[in-house]
Amino acid sequence: MQGDEARILLGFSPDSRPTLPQIKAAYRKKVWESHPDLFPAQEKSQAESKFKLISEAYTCLLPGAGREGSASATYAHVVRTGVPKASGGRRNHVLIRVPFLLLVLGTVGLGGLIATRAYRKQKEANPSHNPFLL
């Protein structure tokens, strides 16, 4: 679907430049008017096709539509998830798991080291007279 068709379908003039809030408002209005669940059974298939067209027009008019490989789409994905996508659209679970694992192991190791030092200091400060606790 081209931009002019999408604008007309959502109720804008073909040469207009609607903002994102205007696009969202028009989409919500059109979806509410043409949602298939609001129609009787005999008109449901026609409403479904119109609903799909409206959804396609909305995705066409959204900023960044059709440019999944662009820098802005990549930046948006990094901001949303924290990591870039690997090639082929797979997620980089290793980039998440390895630092998390190192963080957990480091915390446990450092916590154990601190606890051992505190125990030795306490033992030196308060020696026990019980021969079995040496």
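Everything below is about the structure shown above.
Residues numbered from 1 in each chain as written. Predicted model: local features only at pLDDT ≥ 70, side-chain atom pairs only at ≥ 80, totals over all residues. Heavy atoms only, no water.

Trainee: Looking at this structure, I do not really get the overall build of the protein chain. What am I missing?
Mentor: Within the protein chain, the secondary structure is distributed over five helices and zero strands. Starting at the N terminus and walking to the C terminus, you meet the elements of the protein chain as α-α-α-α-α. The buried share of the protein chain, taken over its 134 residues, is 15%. Residue pairs in contact within the protein chain that sit at least 24 positions apart in sequence constitute 36% of those at least 6 positions apart. Within the structure as shown, the protein chain displays about 10,700 Å² of accessible surface, and the carbon and sulfur contribution to it stands at 61%. (Helix = DSSP H or I, 4+ residues; strand = E, 2+ residues; numbered from the N terminus. Buried < 20%, exposed > 50% of the residue type's maximum accessible area, 1.4 Å probe, protein only. Contact = heavy atoms within 4.5 Å. Areas by Shrake-Rupley, 256 points an atom, 1.4 Å probe, with all protein chains shown as cover.)

Trainee: Would you mind going over the packing of aromatic side chains with me for this structure?
Mentor: The description of an aromatic ring pair uses the distance of the two centres, along with the angle that the planes make with each other. As enumerated under the stated definition, the model contains one aromatic pair in all. Relative to Y58, the ring of Y27 lies with its centre 4.0 Å away and its plane at 20°, an arrangement referred to as stacked. Of the two residues, Y27 is situated in helix 2 (residues 20–34) and Y58 in helix 3 (residues 44–61); the sequence distance between them amounts to 31 residues. This pair shows no difference in class: Y27 is buried, exactly as Y58 is. (Phe/Tyr/Trp six-rings, centres within 6.5 Å; stacked < 30°, edge-to-face > 60°.)

Trainee: Looking at this structure, how should I read helix 2?
Mentor: Helix length check: helix 2 (15 residues) gives 21 Å between terminal C-alpha atoms against 21 Å at 1.5 Å per residue, within 8%. Among the residues of helix 2, I23, A26, Y27, V31 and S34 are the ones counted as buried. Looking straight down helix 2, one finds its buried side chains confined to an arc of 130°; they lie on one side. Turned more than 90 degrees off the buried face of helix 2, the exposed positions are P21, R28, K29 and W32. In the core, the buried residues of helix 2 are packed alongside helix 3. (Expected span 1.5 Å × (residues − 1). Arc of directions from axis to C-beta.)

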